[in-house]
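# Architecture at a glance
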Amino acid sequence: MRSIQTTMIHNIVSVYRLATADEHARGRQWYPLAHGIMVEWAHTFSRSIANVACVTAALSPRTSWERNLVIAADILSGNPPSIGGCIRSFVARAERIRDDRATDTASYFKQGCKVRSFAANLAGAYNVVTVDTHGAQIAAGDPAANLRVDTWHRYEPVARAYVSAAEYLRIRPSELQAITWLTWKRLYPTTRKHTIRRE
C-alpha cells in the first residue's frame, strides 16, 4: 500500500507527463522571467531584490499575475493601486513590507506559507516550491479537492512531494510546479471543476 507521500509524488509526476511542449517551455521560463522583473524593479526603485519580491508576493493571493504586477509596481512607486482586483488587507501588508524594506514576509502573514515561498521563488530561489490550491489538487490527484495548505504542518508535506518528484524527473522544483500548474489549468478549467464538484 502506498504512503500518502508516495501517492502525492506519483500524482505530480503523472500530471507532468501530460504537459504539452508549450507548457514545458512556459513552465521552465516562468520563474526566471518573473525573477528578471524583480531584478529590474530592484534597480528602478533602489531596493533589494528580496524586498521587491516580498512586496509582489504579498499581493498574490487570489490575484492574477497580470494584476499582481500592476499593483506591485504602483506600491513600489509609492502610489495607491491604479486597478482593483487585490484584497485590501494584502495591499496594506505590501505597503508595510515596502516601508520596512523587509526581506521576509513571515512576520506580516500569520500563516503565509504560499506567500513566503512565492517571494523566495521570485527572488531567485528555484529549489523552493510555491503550493497554491491548484498545486495541492495536483498532489491530491483530485480537481474537486479543497485541501487547506494554510499552515506549515499541512504545507510542507506537499512541498516535499514536489521536491522529491523534481529530483526523480531531474528538474528544478519550481519548474515542476510551474509546468504542472499550467497543465492542470488546461485539464481542469474553472468551469470543469464546478461541474465535477456538482457531480
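Our subject is the structure that appears above.
Notes on the structure in this doc start here. Here the structure is a predicted model, which means the values were calculated and not measured. (Residues numbered from 1 in each chain as written. Predicted model: local features only at pLDDT ≥ 70, side-chain atom pairs only at ≥ 80, totals over all residues. Heavy atoms only, no water.)

### Some remarks on the environment of threonine 63
Here threonine 63 shows up in the loop between helix H3 (49-58) and helix H4 (65-76). Residues threonine 63 and glycine 85, 22 residues apart in the sequence, show an inter-C-alpha distance of 6.3 Å. For threonine 63, the contacting residues outside a window of four places in its chain are Asn68, Gly85 and Cys86. Only 3.1 Å separates the side chain of threonine 63 from the backbone oxygen of leucine 59, close enough to count as a polar contact. (Helix = DSSP H or I, 4+ residues; strand = E, 2+ residues; numbered from the N terminus. Contact = heavy atoms within 4.5 Å. Polar contact = N/O pair within 3.5 Å; in protein donor to acceptor, adjacent residues only side chain to side chain.)

### Structural notes on the packing of H3 against helix H6 (residues 113-122)
The geometry of H3 relative to H6 is characterised by a closest axis approach of 8 Å and an angle of 135° between their N-to-C directions. In this view, H3 runs oblique relative to H6, as classed from their interaxial angle. Seen along the crossing, H3 lies across H6 with a hand that is right-handed. On H6, the residues touching Ala53, Cys54, Thr56, Ala57 and Ala58 of H3 are Val115, Phe118, Ala119 and Leu122. (Axes fitted to C-alpha atoms, helices over the stretch in contact; angles between N-to-C directions. Parallel < 35°, antiparallel > 145°, perpendicular 65-115°, else oblique. Left-handed = near helix turned anticlockwise from the far one by under 90°.)

### A few points about the packing of helix H1 (residues 4-16) against helix H9 (residues 173-187)
Two numbers describe how H1 lies on H9: the axes approach to 9 Å, and their chain directions differ by 70°. As judged from the angle between their axes, H1 and H9 are roughly perpendicular. Here H1 runs over H9; the crossing is left-handed. Contacts between H1 and H9 involve Ile12, Val15 and Tyr16 from the first element and Leu176, Ile179, Thr180, Thr183 and Trp184 from the second. Broken down by class, the residue content of the contact of H1 with H9 amounts to six nonpolar, two polar and no charged. (Nonpolar A, V, L, I, M, F, W, Y, C, P; charged D, E, K, R; others polar.)

### Digging into the nonpolar core
With 33 residues, the main nonpolar core has Met38, Trp41, Leu59, Ile75, Ile97, Phe109 and Leu122 as its most contacted residues. Those elements giving two or more residues to this core turn out to be helix H2 (21-44), H3, H4, helix H5 (88-100) and H6. Once you skip the residues sitting within four places of it in the chain, phenylalanine 109 turns out to touch Ala58, Phe90, Arg93, Ile97 and Val115. By size, the runner-up hydrophobic cluster in this structure holds 26 residues, among which are Val13, Ala19, Val131 and Leu176. (Core = buried A, V, L, I, M, F, W, Y, C linked by side-chain atoms within 4.5 Å. Buried < 20%, exposed > 50% of the residue type's maximum accessible area, 1.4 Å probe, protein only.)

### Notes on the pattern of salt bridges
Enumeration according to the criterion identifies seven salt bridges in this entry. Its salt-bridge partner being aspartate 22, residue arginine 26 comes within 2.8 Å of it at the nearest N-O pair. Of this pair, arginine 26 and aspartate 22 both sit in helix H2, four residues apart, which is roughly one turn of that helix. Overall, arginine 26 belongs to the partly exposed group, its relative accessible area being 41%. The shortest N-O distance in the salt bridge between aspartate 150 and arginine 154 comes to 2.8 Å. With a relative accessible area of 37%, arginine 154 lands in the partly exposed category. (Salt bridge = Lys/Arg side-chain N within 4 Å of Asp/Glu carboxyl O.)

### Focus: the packing of aromatic side chains
Taken as a whole and judged by the stated rule, the model has nine aromatic pairs. Each ring, one from tryptophan 30 and one from phenylalanine 118, has its centre 6.2 Å from the other, and the planes form 35°; the classification is tilted. Taken together, the positions of tryptophan 30 in helix H2 and phenylalanine 118 in helix H6 put the pair 88 residues apart, joining distant regions of the chain. Aromatic side chains tryptophan 41 and phenylalanine 45 sit 6.4 Å apart centroid to centroid with 70° between the ring planes, which places their arrangement in the edge-to-face category. Phenylalanine 45 matches tryptophan 41 in its accessibility class, with the two residues each being buried. A network of ring pairs unites the aromatic residues Trp30, Tyr31, Trp65 and Phe118 as a single cluster. The residue whose ring lies beneath arginine 93 is phenylalanine 109, and the NZ or CZ to ring-centre distance is 4.6 Å. One residue, lysine 114, lies across the ring of phenylalanine 118, its end atom 5.2 Å from the ring centre. (Phe/Tyr/Trp six-rings, centres within 6.5 Å; stacked < 30°, edge-to-face > 60°. Lys NZ or Arg CZ within 6 Å of the ring centre and 35° of its normal.)

Function cannot be read off these values alone, since they describe shape.
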